[in-house]
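Survey of secondary and tertiary structure
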Amino acid sequence: GTAISVDGVRKIYDTGRERTEAVSGVSFDVKRGEFVAILGPSGCGKSTLLMMCGGLESITSGRIDIEGVAMTQPRPSIGVMFQDASLLPWKTVLENILFPIKILKRPMAEYTERARSLIDMVGLHGFEDKKPHQLSGGMRQRVAICRALVYDPDILLMDEPFSALDAITRDEMGEALLDIWEQYTKTALFVTHSIREAVLLADRVLVMTRRPATIVEDIRIPFGRP
Ligand code: ADP
Ligand code: ADP
């Protein structure tokens, strides 16, 4: 079935002094279980599109349905991960990962077990009680992935998840993400300006341009993931 349906979506930012057409009419579908990259240059509207998919930014016109329901506000069944890990500095790794559960007032004991298995999966065993400042950039991004997955979301949305990392850490992160992928086979949509990242991780790449800010190519990666 269709997990994400984006239909004629436009976004205009109007600051009063300036009007920016950030997304100029974008349509695509993501099937359940697909891992899709949106690839495009800086400023072409990728983040805006992803934020609209996550219900974090309003849609000027058009429509986004996720699992058949119009996307108008954030949902716990949609995990979002940003470019900077944006962890809470005074909380430990485990507390950061469980933070969405606390906010949603779900049973902590049940999700603590899941959080611990995610921590193991991304190779952070033994770091549960460390604070973000005690971790490297790559480790913090792995914590952010765990946090995005702790509520067992149907869909994972990621905004340039590796762009702040060096090349070696990026490859490690990519592997961690593929491991998670195999275990949970989630639907994922991520935006990137890196062709390498798109081709290595995704099984389909949507190419976006700047003016107009729209998708111009829809490419299936023929050899699949390693
Ligand atoms: P990308 O993620 O591809 O770099 P963005 O979605 O961040 O692109 O930005 C697309 C365009 O929208 C850019 O011209 C950017 O300056 C503008 N933009 C992004 N966010 C805002 C905002 N909150 N207010 C006004 N303009 C914005
Ligand atoms: P950065 O994001 O700073 O480039 P990494 O995430 O690759 O770096 O990690 C930097 C340092 O942290 C390395 O010395 C690495 O050995 C250590 N490190 C990373 N992950 C782990 C782990 N799971 N266990 C122990 N040490 C780790």
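Refer to the structure above for everything that follows.
First, a word on scope: everything that follows refers to the structure included in this document. Note that the structure is a prediction, hence the values are computed from the model and not measured. (Residues numbered from 1 in each chain as written. Chains lettered and ligands numbered in written order. Predicted model: local features only at pLDDT ≥ 70, side-chain atom pairs only at ≥ 80, totals over all residues. Heavy atoms only, no water.)

Describing unusual backbone geometry
For the record, the criterion: Secondary structure elements are taken from DSSP: a helix is a run of H or I of four residues or more, a strand is a run of E of two residues or more, and numbering for both begins at the N terminus. Type-normalised accessible area, obtained with a 1.4 Å probe on protein chains alone, sets the label of each residue: buried when under 20%, exposed when over 50%, and partly exposed for intermediate values.
Cis geometry is adopted by the peptide bond preceding Pro212, which originates at Arg211 and carries an omega value of 0 degrees. Looking at where Pro212 falls in the secondary structure, it is placed in the loop between strand S9 (204–208) and strand S10 (215–220). Notably, Glu67 is not glycine yet its phi reads approximately 50 degrees, a positive angle. Here Glu67 falls in the partly exposed class, since its relative accessible area comes to 28%.

A word on the sheet that holds strand S4 (residues 61–66)
What counts, and what does not: A strand pair is defined by DSSP finding two or more bridges across the two strands. Should any heavy atoms of two residues lie within 4.5 Å, those residues are considered in contact. A fitted line through C-alpha atoms serves as each axis, taken over the contacting stretch for helices, and the angle formed by two N-to-C directions is quoted from 0 to 180°.
Strand order across the open sheet formed by four strands is S2-S1-S4-S5, with antiparallel pairing between neighbours. Where the open sheet ends on each side, the last strands, each with one partner, are strand S2 (19–31) and strand S5 (69–70). Two elements, S4 and S5, share two bridges in a ladder whose sense is antiparallel. From the neighbouring strand, Asp65 faces S5, where its bridge partner is Ala70. The sheet strands contacting helix H1 (residues 46–53) are strand S1 (2–14), S2 and S4, and the helix crosses S1 at an angle near 120 degrees.

Examining the nonpolar core
Selection rule: In this text, buried Ala, Val, Leu, Ile, Met, Phe, Trp, Tyr and Cys residues form a nonpolar core when linked through side-chain atoms within 4.5 Å.
One finds Phe35, Ile97, Met158 and Val205 to be the most contacted residues of the largest nonpolar core, which totals 46 residues. Val36, Leu49, Ile64 and Val191 belong to the second largest nonpolar core, which has 28 residues in total.

Regarding the site of ligand 1
Heads up, the condition is: Whether a residue is near a molecule or strand depends on its heavy atoms: if one lies within 4 Å, it is near. Polar contact is defined as a pair of N or O atoms within 3.5 Å, subject to the rule that within protein one atom must be able to donate a hydrogen and the other to accept it, and that residues adjacent in sequence are counted only when both atoms are side-chain atoms. Only the protein chains shown count as covering a residue, and every accessible area follows the Shrake-Rupley method with a 1.4 Å probe. Amino acids outside the nonpolar list (Ala, Val, Leu, Ile, Met, Phe, Trp, Tyr, Cys, Pro) and the charged list (Asp, Glu, Lys, Arg) are all regarded as polar, and Gly is one of them.
Surrounding ligand 1, one finds Tyr13, Thr20, Ala22, Pro41, Ser42, Gly43, Cys44, Gly45, Lys46, Ser47 and Thr48. With respect to ligand 1, the side chain of Tyr13 contributes an N or O atom lying 3.5 Å from a nitrogen atom. Between ligand 1 and Gly43, the relevant distance is 2.7 Å, taken from an oxygen atom to a main-chain nitrogen or oxygen of the residue. Expressed as a share of its isolated accessible area of 560 Å², the protein-covered part of ligand 1 is 63%. Mapped onto the shell around ligand 1, the elements with two or more residues apiece are S2 and H1. At three residues, H1 tops the list of elements feeding residues into the shell around ligand 1. For the shell around ligand 1, the per-class residue count stands at four nonpolar, six polar and one charged.

With respect to the packing of helix H2 (residues 93–103) against helix H4 (residues 137–149)
Just so we agree on the cut-off: In this scheme the handedness of a crossing depends on how the near helix is turned from the far one: anticlockwise by less than a right angle means left-handed, clockwise means right-handed.
At a closest axis distance of 7 Å, the pairing of H2 and H4 adopts a crossing angle of 30 degrees. The handedness of the crossing between H2 and H4 comes out as right-handed. The residues of H4 that touch H2, namely those facing Val93, Asn96, Ile97 and Pro100, are Val143, Cys146 and Arg147. Residue classes in the contact of H2 with H4 are distributed as five nonpolar, one polar and one charged.

Things to note about the site of ligand 2
Near ligand 2 the following residues occur: Gly123, Phe127, Ser136, Gly137, Gly138, Met139, Arg142, Asp166, Thr169 and Glu172. For ligand 2, an oxygen atom lies 2.7 Å from a polar atom in the side chain of Ser136. The contact in question runs from an oxygen atom of ligand 2 to an N or O atom on the backbone of Gly138, over 2.6 Å. Relative to its free-state accessible area of 560 Å², ligand 2 is covered by the protein chains to the extent of 51%. Broken down by element, the shell around ligand 2 gets its largest block of residues, four residues, from H4. When grouped by side-chain class, the residues that make up the shell around ligand 2 number two nonpolar, five polar and three charged.

Side note on the sheet that holds strand S8 (residues 187–192)
Strands sit in the order S6-S7-S8-S3-S9-S10 across an open sheet of six strands; the sheet is mixed. Whereas interior strands pair on both sides, the edge strands pair on one side only; in this sheet they are strand S6 (78–81) and S10. Averaged over all pairs of adjacent strands, the angle between their axes in this sheet comes to 15 degrees, without regard to strand direction. With four bridges connecting them, strand S3 (residues 35–39) and S9 associate as parallel partners. Counted as the bridge partner of Leu39 is Val207 from S9. On the sheet, H1 packs against S3, strand S7 (155–159), S8 and S9 and is oriented at approximately 155 degrees with respect to S7.

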